[in-house]
Structure formats: structure tokens, C-alpha cells
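Spelled out, the chains give:
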Amino acid sequence: MQAVFKRTAGLLNIPTHYCPGCTHGILHRLIAEAMCELDILHRTIGVSSVGCTYNNYEYFACDMVQAAHGRAPAVATGIKRVHPSKSVFTYQGDGDLAAIGTAEIIHAAARGEKISVFFANNAIYGMTSGQMAPTTLIGQVTTTSPFGRDPDAQGHPINVSEMMATLPGAVYVERVSLHDYRHIIQAKKAVRKAFRVQEAGLGFSLVEVLSTCPTNWGMDPPKSMDWVAEVMIQQYPLGLFRDPKLEESK
Amino acid sequence: MEKRVLMKGNEAIAEAAIRAGCRYYFGYPITPQTEIMHYMAKRMVEVGGTVIQAESELAAINMVYGAAAAGARAMTSSSSPGISLKQEGFSYIAGAELPAVVANIVRAGPGLGGILPSQGDYFQATKGGGHGDYRNIVLAPASVQELYEMTIEAFNLADRYRMLALILGDGALGQMMEPVVFRDKEPIDLPKKPWAVTGTGGVRPHNTITSIYIKADVLEAFNRKLQAKYAEVSRREVRAECLNCEDADILMVAFGTCSRIGRGIIPIAAAQGVRVGLIRPITLWPFPSDVIARAAAQPSVKAVLTIELSCGQMVEDVRLAVDGMKPIAFLGRSGGNLPTQKEILQKIMKMVGR
Ligand SMILES: Cc1ncc(C[n+]2csc(CCOP(=O)(O)OP(=O)(O)O)c2C)c(N)n1
Ligand code: SF4
């Protein structure tokens, strides 16, 4: 019998702890596959952040470092400066990247650090049980915005990709989604491209990935996917915000 | 004759770091230590190293965390308010068992305080500062030559024990100029770091650097391991200097800048018929409790005087060391002021009933 689908070598044979219908697992797989396809798994160093994916250093087969909440881009900077010929990526949630780590992500991009950032935007704090995130939509109910996010009192969502695209050091910025297979294929291309931009030494790359959190959204997995497709995308339009125009070699 | 170079204390730290094989410096400007970064910015270019002016002290210490995880000798430096921001990183460096070197050229606090010298960060340096059960090695130099030598020593200790070594100076030491001899005691032999993240190279399982242990038993076992390491450091690395302590009437305990003032008291007091000894802790953690206890136990010793540029911090450790054997007196100045020889002498004379 011929295997048509198998575990990628980029992920170790360890069951993840993510909830059913959570897209963190899909994004892990895309990153792992991209490292294998580009043949950089053996010389990639990843940085886990603080959020539901705090321990994904156990899952990825490459060398991994766990960073304090929000500090992954600074930690990645330290690693990359020591190993400029290796690939370095961070995996961060929206609380990690767009709240407590806002300074670190902006300045890593401003310096044009040659790292790749995979930013899972699920519009909520997953790990700590569903508080409002900087990316929470207006009107969205969370445990700390129980009557829906009120822009008057709680401000407006941050569109990270649009903001990062204003920085010349951020040479590649794209927003993708994981809500259906067509979009997953597009997301995979973006993940690969982020690594390739880094490998080519062009600068900082960030892929914002619209993700689900069925558990804290209070939705079942299919409904969560629909909510991304119908509601979240309105606030966070998919697309390419900065494009370094790589030659299509690989 | 050995070549002597006149330099600022801050510059001596930077030169020493480079000679110790440090090629990564991450900092954020703050008086009175910014000359470290100025010097690094020029000198690192000559040796092919990296200097990043980070967006904050938080970012700088986390860059050190990353560079140390990647296997390099890396450092940052700051002064008190900046060191407060770095405490998060200190705790993570301890939890991930990474070697790192930090210099704190202390200024007067609390708050923004002032830019003049102080030793008011003693508690923060020696008792944690960040969260959790951890220790840092704390070295207290008292001259520009010692800033140089102890910076090199800090890198060696950090690597040997996989922990953070802190150089606790103050604004006076950082800014003063003194001749330095670049005496490299031993050829710098960078240790192998098989645990570092370098990429697996496809030849070994992945390395992971982390400080999180969700299961109580696993974390407790890790804490026990850390404590065993700290106990070993306490056994092997205590450093102190004793001057004139034998048969002293009064024992002074002072570190860094204060020890320089204390040193000057010894002959003046002797001329007035009082034998004064000085114990200078060189490692503030591990603290030389036994050295102090032994000296204080001598029958000649009437009392112990702790002198600090603070409102009384190290004096608590001195009190614990002496453990009620002898009375403890304290003389402290703060806000950037230094105690004068006159006021120390007056205090000593009062202590001996004169
Ligand atoms: C300094 C600090 N503050 C707060 C926390 C608690 N905390 C852990 S995860 C988290 C939120 C993470 O949310 P996000 O980045 O959106 O990731 P997700 O869990 O949704 O994947 C918070 C606040 C922490 N670990 N450290
Ligand atoms: S809490 Fe949300 S983000 Fe976290 S694993 Fe579950 S579904 Fe995913």
C-alpha cells in the first residue's frame, strides 16, 4: 500500500494539547512542512512564546527556545545575530505580539531583523481563558468584555499587518487564513515565502494567520471556521501588504 | 614594566568583556554607565562583534537570553531603573540555566532617583528582584582594575555554572579614571556548549531551552537541582578581603566604593590608638558570612560597623552572619552622598567609648 499522507518530519511524534477545531495545529504543520520542503529543518531555530502554544518547542523537530511573554522577537534577534546563516522564526499569538510584546515586534521589524514571524491572530487570549485581546473585534464578547468590546471604553482592534507594513524593515507582510483548504494552501505558500525571504537575507518577514479559538469563542469547530470567513475577515482583510518580489526559483 | 592604560571604569568593563570573548552586547542608554555602550559600539567593529541599541532594557536582556541560548558569550549593562526592567529576564535566565553577564552601575533611587553613586540596589542584586527561587552571582569590584578583572571573571563563572553573573558597581566606580593593566590571567578558553541551540545539523535530536515546567514534581525536582548548584557556588566561590582584622577592636564591613573609604580609616584610627579592621565582601552573593563570623568572634572585637551607600541593606546580612555575638552599628549615606572619613571616625570613637 502506498502512503499518501504522513506525519511531516518537521514535527515530532508527540500529540499536541490543542482543543478540537483549533487552528494552531494546522499552522504548526504548515511551518513544519515548509522547513522540510525548503530543507532547512536542520538549521532552523524556533522561538516559542507565551500563549496556548507556549510549549510548541516540544513539537517542532528543530532547535527551539521558549521566550517570556511578548519577548520572542528580542530573543530571536539575539539568536539570529549569533547564527546569521541559520533560519530563525517566532510563533506568537495576538496577546503576545500585539499587547505585551508590541515594542519588541515593532523594533525587530524596524531593525529589519532577518527573522520570520508567524503570528496567530485568534482575536482573543486563549491560554488564560478568553480575555479581550488587542485584536478582539468591536462588539465581540470575551470574559473581560462581557457586553461586547465597546470602542469608547476599550478601544479599537489593532490591524497588525497594516501597521507593520509601514516599516521599511518589514519586507514581507501577508495576512492569510486557515478556514478552508483553499486558504490553507495559500497560507502554506506564505509560510514558505517568509522562510525564503529570510534565507535570501532580504529582511524581516511576518505572516499574520487568522486562527480559531472555538473553546473561548463558545462555538463549535465548523461555526468557528465560518466566523473567520464571514466576520473576522471583514476587520482583517487577507492580502499582501509588503512584497519583496522573490524570483520563483524554489 | 606592564603597560598601564588610563581608562574609565565603564570602559574597563567593555574592554574586559571583549577580551573575555564576548561578541554580543545589547544595551539601552542610561547614566552613569552609557560609556560601556559607547566603547562597545566602536570596539566591537574591530573584533567583528555585534552591538544593538535595544528599544528597552527588557528587550536588551531578552536579546542576551537569545544570544546565550545560541551558545555565545553575551552581556548587557544598565543602571538601577534599567536593571529593574531587566528583572524579568534575570528570572528567565535563571530558569533556563543560561550563562549571562550584566553590569549594574548603580545610581541613587528609588524611582528615577538621581545619577550619583549608590549601593541601594544591594537587596535587588542579592535577594532576587525577579520572581521565583533563584540566585545570581554578584561581584563587587572596588577599582577600575577590578572592574576589568571581575568582568572577565564574571564570564568564566557564568559559563561554569550556567547562571547570571552580575557586576555591581556604582556611579563613582563607573566614572572614575584609573590606570588599568590588561592582565589576562588565563588564556580565554570558551567552553563547549552542547546544550545550545545551533540548529540540529541533522545529526542530533533537537535542543530546547525553556524555563517552564507545568508539573509540580518536575518543577520541584528542577528547583532542587538549582539549589544544589547554588550550594556548590556558595561552597566554592565566596570571595572577601580582610584588612587588619586580626585582633581588631572594631570591624568595618564595606564593599565597593565604601571599602575604599574604609581602607583610609585604618591608619587614621590606628594613630588615635584604635585598631580597626576592614572586611570587604567581593562576592555579595554568595555572601562571605563565615569570614565575617570568624573575624567578629575574636575576643578583641567590640562591635561591627557596616558602612554603605544606602539606608541599610547589606547590614541585614552582616547581622545574620554575626548572629548576636557582637553589637552591629550602621553608617549609611544615600541620595548620591558619600560618607566622609570624619563621620566614620566619629562613629568609631563613639563605639569604643571615646
Ligand atoms: C508577564 C506575563 N503576563 C501574563 C501572563 C499570562 N498569560 C499567559 S498566556 C496569555 C495570553 C496569550 O494570548 P495570545 O497571545 O493571544 O495566545 P493564545 O493563547 O490565544 O494562543 C497571558 C496573558 C504571562 N504568562 N506572563
Ligand atoms: S484555548 Fe483556543 S487557542 Fe487555545 S488551544 Fe484551545 S482553541 Fe486553541
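No experiment lies behind these values; they were computed from the predicted model shown.

Conventions adopted
Residues numbered from 1 in each chain as written. Chains lettered and ligands numbered in written order. Predicted model: local features only at pLDDT ≥ 70, side-chain atom pairs only at ≥ 80, totals over all residues. Heavy atoms only, no water. Phe/Tyr/Trp six-rings, centres within 6.5 Å; stacked < 30°, edge-to-face > 60°. Helix = DSSP H or I, 4+ residues; strand = E, 2+ residues; numbered from the N terminus. Buried < 20%, exposed > 50% of the residue type's maximum accessible area, 1.4 Å probe, protein only. Lys NZ or Arg CZ within 6 Å of the ring centre and 35° of its normal. Pairing = 2+ DSSP bridges. Contact = heavy atoms within 4.5 Å. Axes fitted to C-alpha atoms, helices over the stretch in contact; angles between N-to-C directions. Core = buried A, V, L, I, M, F, W, Y, C linked by side-chain atoms within 4.5 Å. Domains from an automatic or database assignment. Near = heavy atom within 4 Å. Polar contact = N/O pair within 3.5 Å; in protein donor to acceptor, adjacent residues only side chain to side chain. Areas by Shrake-Rupley, 256 points an atom, 1.4 Å probe, with all protein chains shown as cover. Nonpolar A, V, L, I, M, F, W, Y, C, P; charged D, E, K, R; others polar. pLDDT = per-residue confidence, 0-100.

### Observations concerning the packing of aromatic side chains
Both the distance between ring centres and the angle between the ring planes are used here to describe each pair of aromatic rings.
Item 1. A full pass over the atoms with the stated rule returns 10 aromatic pairs over all chains.
Item 2. The interplanar angle of 80° and the centroid separation of 6.0 Å between the aromatic rings of Tyr230 of chain B and Trp285 of chain B together place this pair among those described as edge-to-face. A residue pair is termed long-range when its members are at least 10 positions apart, and Tyr230 of chain B in helix 8 (residues 216–236) and Trp285 of chain B in strand 13 (residues 283–285) qualify at 55 residues.
Item 3. Here Tyr230 of chain B falls in the buried class, since its relative accessible area comes to 3%.
Item 4. The exposure class of Trp285 of chain B is buried, given its relative accessible area of 9%.
Item 5. Connected via pairs of aromatic rings, a cluster forms that spans Phe60, Phe89, Phe118 and Phe195 of chain A.
Item 6. For Arg162 of chain B, the ring lying beneath its charged end belongs to Trp195 of chain B, and the centroid distance is 4.2 Å.

### Points about the sheet that holds strand 3 (residues 87–93) of chain A
Item 1. Read across the sheet, 8 strands follow the order 7(A)-5(A)-6(A)-4(A)-3(A)-1(A)-2(A)-9(B) without closing on themselves; strand pairing throughout is mixed. Since the sheet does not close on itself, it has two edges, and those belong to strand 7 (239–242) of chain A together with strand 9 (208–209) of chain B, each with one partner.
Item 2. In this sheet, strand 2 (residues 63–66) of chain A lies alongside strand 1 (residues 44–48) of chain A in parallel orientation, the contact comprising 4 bridges. Looking at strand 2 of chain A, one finds that Val47 of chain A is bridged to Val65 of chain A.
Item 3. Of the strands in this sheet, strand 1, strand 2 and strand 3 of chain A are in contact with helix 2 (residues 72–82) of chain A, which crosses strand 3 of chain A at around 175°.

### Let's talk about the nonpolar core
It is characteristic of soluble globular proteins that their nonpolar side chains tend to be buried jointly.
Item 1. If you look at the biggest cluster of nonpolar residues, it comprises 123 residues, and the most contacted ones within it are Phe204 of chain A together with Met75 of chain B.
Item 2. Counting residues per element, this core draws most heavily on helix 6 (residues 144–161) of chain B, at 10 residues.
Item 3. When residues of this core are assigned to domains, at least three fall in each of domain 1 (2–236) and domain 2 (241–351) of chain B.
Item 4. Leave out the neighbours within four places in its chain, and Phe204 of chain A touches Ile105, Ala108, Ala109, Gly112, Glu113, Ile115, Val117, Met164, Gly169, Ala170, Val171 and Tyr172 of chain A.
Item 5. The next biggest cluster of nonpolar side chains, apart from the first, holds 35 residues, and it includes Cys22, Ala61, Tyr172 and Val197 of chain A.

### Here's the deal with the site of ligand 1
Residues and elements named next belong to chain A.
Item 1. Close to ligand 1 lie 16 residues, the nearest being Cys52, Asp94, Asp96, Gly126 and Met127.
Item 2. Contact distances for ligand 1 include 2.5 Å between an oxygen atom and a side-chain N or O atom of Asp94.
Item 3. Here an oxygen atom of ligand 1 sits 2.9 Å away from a polar atom, N or O, in the main chain of Gly95.
Item 4. When the free accessible area of ligand 1 is taken as 590 Å², the share hidden by the protein chains comes to 75%.
Item 5. Counting residues per element, the shell around ligand 1 draws most heavily on helix 3 (residues 94–100), at 4 residues.
Item 6. Looking at the shell around ligand 1 residue by residue, the class counts come to 6 nonpolar, 8 polar and 2 charged.

### Things to note about the confidence of the model for chain B
Item 1. When pLDDT is averaged along chain B, the result is 97; 99% of the residues meet or exceed 70.
Item 2. For this predicted complex, the interface score ipTM comes out at 0.97, alongside a pTM of 0.97.

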